There are 2 protein chains.
Amino acid sequence: MIDRLCIIGVGLIGGSLARALRKAGAVGEIIGCGRDEVHLARAKELGVIDTYSTDISEAVQQADMVVITVPMQAMESVFMQLQGNITESTVITDAGSVKGSAVDAATRIFGAMPQNYIPGHPIAGTEKSGVEASFAELYENRRIILTPVENSNPSALEKVRAMWQACGAEVIEMGVEHHDEVLAATSHLPHMLAYALVDTLARMDDKQEIFSYAAGGFRDFTRIASSNPQMWHDICLANESALKEVLYRFRDDLQLLIEAIEKGDSDYIKETFTRAKLARDKFVHE
Amino acid sequence: MIDRLCIIGVGLIGGSLARALRKAGAVGEIIGCGRDEVHLARAKELGVIDTYSTDISEAVQQADMVVITVPMQAMESVFMQLQGNITESTVITDAGSVKGSAVDAATRIFGAMPQNYIPGHPIAGTEKSGVEASFAELYENRRIILTPVENSNPSALEKVRAMWQACGAEVIEMGVEHHDEVLAATSHLPHMLAYALVDTLARMDDKQEIFSYAAGGFRDFTRIASSNPQMWHDICLANESALKEVLYRFRDDLQLLIEAIEKGDSDYIKETFTRAKLARDKFVHE
């Protein structure tokens, strides 16, 4: 049970967390915090939060849990405003898609990683954003990755874990660097490809017509290209190093496939497609 | 009304056509034809076809419509077996994903494009294959592209059009070359990227773990990588020329994006993602 929860950035992720905890009866008061008062008023109107403030120092007062669900690039500024305004017992976590840059920023601002800051990342979301799109079931049966560091406080870790479990999620621990590598491959890379594909087609001369003949496969394949551009801009710069590595790997593999198609290398093409199909079918059935 | 319909290759596409025409009461007898007798017997058992033969010359006897729904690479062999076995009034169409190679093969085998052969391509399908996966509603509100050529018989075109309309589809006409360019962009390219992505990840060392952290976005993005490898091998070689062009275009655009991420070129990244999101959102709402 969290008596006083402060959510900084009440959008899809933060809003859904609030709704889920409320539904589970696992939270007392929820304070929303953000830069846009109109937006916060709307979140209150929707019953997602109880009260709000645009001032972080005010919002986090007496909070026993602070959850930061802002775009990656705003993390550093939030840490700066948290500094000096939280008690020793306040637990902090976040929901950023990249953990290395969050840990770096916190270490820079606070001088060292705060023992009660447990970096986290819910593997959940939709291509929509904003509190209007939030819903209590977003985290049910989804995975939450926590990346505690060496000096992390075990009791803080336990509290963050319990919070996500109350939302119906499965909580997993992983190293910061490893998290960023895995997510670069399974999430950030596909988003880059979807954005790049749709943009390539959109800039082709007869784009109007091209899109009108696209079928269901295209719709599914490009769904993630409807994601928030600012958010994904932040993610790809925050995870530049791991993302670059998988992008190069993919680019080189694609080049080999292009050459195989040009040469009519049936074996190469069939082997590639077959390996991919087996891996994908296995993933779906797991 | 088609009195006697012969479907060569009774899989997802041919089976769904049979079921749809039957449901619409737009067909008399349906003869299935293929190489595998066990498979044809199963199609008969499922009520998809009335009778069958593994011999094309026998199957097409007295058929007023022959629909070829075999993999692209088998088209030429089917044309060879059709030669001399069809009457002057038999209408032929196909459902191949590439039209240039089908027209080339027919021209080569028959000496000229048969006036009653109207090349076609239903923009419909799922990642599944086989007659077991066929269903009568597959073509409802989907687009069928017909690519008649200069000497095509208008009455044959009309019959093929009526057949697809009876399945609830919208029929569109397009030039052969233009069809292959549009499909290379909206269908063949995305399939190449999905296969290449899943294969890249599958060959990474910790693949087991990587896939286990993939979320819904990845599932949707890679659905088409579960498609039939042989079929897509055939398609990418049959449409090599148009596909190569969009693959190069995509590769070059991806390279620019990689460089922008490396350089931290925020403007380039945000503009690319924003253009893509707008194009994708527009496509979905159309």
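Structure's up top.
Residues numbered from 1 in each chain as written. Chains lettered and ligands numbered in written order. Predicted model: local features only at pLDDT ≥ 70, side-chain atom pairs only at ≥ 80, totals over all residues.

Now for helix α1 (residues 12-23) of chain A. Residue and element names in this part refer to chain A. For α1, with twelve residues, the first-to-last C-alpha span of 16 Å sits near the 16 Å given by 1.5 Å per residue. A large share of α1 lies buried, amounting to ten of its twelve residues. When we look at burial in α1, the residues that qualify are L12, I13, G14, G15, S16, L17, A18, R19, A20 and L21. Taken together, the buried residues of α1 touch β1 (2-8), β2 (27-33), α2 (37-45), β4 (65-68), β7 (120-123) and α6 (154-166). Two residues or fewer past α1, G25 is found with a positive phi of approximately 65°. (Helix = DSSP H or I, 4+ residues; strand = E, 2+ residues; numbered from the N terminus. Expected span 1.5 Å × (residues − 1). Buried ≥ 20, exposed ≤ 12 C-beta atoms within 10 Å, placed from the backbone. Contact = placed C-beta atoms within 7 Å.)

This part is about the sheet that holds strand β7 (residues 120-123) of chain B. Residue and element names in this part refer to chain B. The sheet built from three strands is open, its strands ordered β7-β8-β9 with mixed pairing. At either end of the open sheet lies a strand with only one pairing partner, and these are β7 and β9 (170-173). Neighbour-to-neighbour, the strand axes of this sheet turn through a mean angle of 25°, independent of strand direction. Alignment of strand β8 (residues 143-146) against β9, held across four bridges, turns out to be parallel. By the bridge assignment for β9, I145 is matched with I172. With respect to the sheet, helix α6 (residues 154-166) is in contact with β7, β8 and β9, its orientation differing from that of β8 by roughly 170°. (Pairing = 2+ DSSP bridges. Axes fitted to C-alpha atoms, helices over the stretch in contact; angles between N-to-C directions.)

In this assembly, 74 residues from chain B lie in contact with 74 residues from chain A. Listed by contribution, the elements that provide at least two residues to the side of chain B that touches chain A are α7 (176-202), α8 (207-212), α9 (216-221), α10 (229-238), α11 (240-263) and α12 (266-285) of chain B. In terms of residue count, the dominant contributor to the side of chain B that touches chain A is α7(B) (17 residues). A class-by-class count of the residues in the side of chain B that touches chain A yields 42 nonpolar, 14 polar and 18 charged. (Nonpolar A, V, L, I, M, F, W, Y, C, P; charged D, E, K, R; others polar.)

Residues and elements named next belong to chain B. Overall, parallel pairing links the six strands, which are arranged β3-β2-β1-β4-β5-β6 in an open sheet. One side of each edge strand has no neighbouring strand; the edge strands of this open sheet are β3 (51-53) and β6 (117-118). Where helix α1 (residues 12-23) meets the sheet, it contacts β1 (2-8), β2 (27-33) and β4 (65-68), and its direction lies at approximately 165° from that of β1. Each of β1, β4, β5 (91-94) and β6 touches α6; the most contacted strand, β5, lies at about 55° to it.

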